[in-house]
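Observations on the model geometry
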Amino acid sequence: MSKEIDDLREDFEEMAYAMLSKPDVQNDRRMLMNTLDNIIKQAFSSVRDELYTLKRAVRGAECPNNALGKTSVQIHKRVNYASESLGAKVVSVMAQPLYSSNFFEVLIRRKYWPNPPAKMLRSNMAPGNCFAFKDDRAVVVIKLPQPVMIDQIGLSHISKTQSPTGEVSSAPKDFTVFAVTENVDVMLGTFRYDCIQNKLLQTFFVQASEKYDLLRFHFNSNHGHSDFTCIYRVVVYGRV
């Protein structure tokens, strides 16, 4: 929570500096209020996602295991290193925002609000809680919390029954992943995410020769949506 408050304070300071340096926009009250509203919504959205994850963990701990007579916590077998809660972050994006941004939103890094790239690194898979961008192409660079000997990379999407429209044509299809190093970019593979309703999380094996902590995802197509693409969850498995 304190990190979110610090980030919010930093955003306000940057915006204030921009206003002081541009007299022609100092009196644009509507733009200012819209931007403030967007910042607050974004900050609370991130906090809400963290609380949602914590709530699920607590619920799991409270579920009794009748066979053993003990509490049973559901634990994923593998650690997803592309998780914001572990320290992963999006460091750069090349994509067209779903909505047009004003001057202040671009300045304070809210260009992709309300569907920012960081949502790919969060566990909340509620409909609409994704990184959304126009058309079907985007390039995203993700920094892992530490170097990882990667053996699997994957994506997850919502099902047709979860989708408000009853279809999932905005799901990504073909994508390529590179490991970014100081000397050369190493292609880890080109993959295809299929819209298989009983296999929403799909992982693909990778043969890495060393540990990497910087990955570049090239999303090259979707499953037919003409307007936008949604990336719900990126998964990176391996060992440290």
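Below is a short write-up of the structure.

Conventions used here
- Residues numbered from 1 in each chain as written.
- Predicted model: local features only at pLDDT ≥ 70, side-chain atom pairs only at ≥ 80, totals over all residues.
- Heavy atoms only, no water.
- Helix = DSSP H or I, 4+ residues; strand = E, 2+ residues; numbered from the N terminus.
- Buried < 20%, exposed > 50% of the residue type's maximum accessible area, 1.4 Å probe, protein only.
- Contact = heavy atoms within 4.5 Å.
- Areas by Shrake-Rupley, 256 points an atom, 1.4 Å probe, with all protein chains shown as cover.
- 1 Å grid on protein atoms, 1.4 Å probe; cavity = no way out; pocket = protein on both sides within 12 Å on 5 of 7 lines; lining within 4 Å.
- Points joined across faces, edges and corners; volume = space filled by probe spheres on them.
- Polar contact = N/O pair within 3.5 Å; in protein donor to acceptor, adjacent residues only side chain to side chain.
- Core = buried A, V, L, I, M, F, W, Y, C linked by side-chain atoms within 4.5 Å.

It is worth spelling out the overall build of the protein at this point. A count of helical and extended segments in the protein gives three helices and 11 strands. Ordering the α and β elements of the protein from the N terminus gives α-α-β-β-β-α-β-β-β-β-β-β-β-β. For the protein, the residues scored as buried account for 40% of the 240 residues in total. Of all intrachain contacts in the protein linking residues separated by at least 6 positions in sequence, the fraction that spans at least 24 positions is 76%. Of the roughly 13900 Å² of accessible surface on the protein, 54% is carried by carbon and sulfur atoms.

This part is about the environment of Asn-115. One can find Asn-115 in the loop between α3 (103-107) and β4 (131-134). In the structure, Asn-115 is positioned 18 residues away from Pro-97 in sequence and 8.6 Å away in space, judged by C-alpha atoms.

Attention now moves to the layout of surface pockets. What the second largest pocket holds in volume is close to 300 Å³. Surrounding the second largest pocket, 19 residues form its lining, Pro-164, Ser-170, Phe-228, Cys-230 and Tyr-232 being those nearest its centre.

As for its position among the elements, His-225 is in the loop between β9 (212-219) and β10 (228-231). A polar contact of 3.4 Å, which involves the side chain of His-225, links it to the backbone nitrogen of Phe-228. Dropping the residues within four chain positions of it, His-225 is found in contact with Glu-167, Ser-169 and Ser-170.

This part is about empty space enclosed by the protein. Under the defined criterion, the tally for this structure stands at one cavity of 30 Å³ or more. One number sums up the size of the largest cavity: a volume of about 30 Å³. His-157, Ile-158, Val-168, Tyr-193, Asp-194, Cys-195, Ile-196, Gln-197 and Leu-200 together form the lining of the largest cavity.

Right, let's talk about the nonpolar core for a bit. Grouped together as the largest cluster of nonpolar side chains are 32 residues, with contacts concentrated most on Ile-150, Phe-175, Leu-188, Leu-215, Phe-217, Phe-219 and Val-234. The set of elements that each furnish at least two residues to this core consists of β4, β5 (138-156), β6 (174-180), β7 (185-192), β9 and β11 (233-239). The greatest single-element share of this core, amounting to eight residues, is contributed by β5. Contacts of Leu-215, omitting those with residues within four sequence positions, involve Val-140, Val-141, Ile-142, Leu-144, Ile-150, Val-177, Phe-178, Ala-179, Leu-188 and Val-236. Counting residues in hydrophobic clusters, the runner-up holds five residues, among them Cys-130, Ala-132, Cys-230 and Tyr-232.

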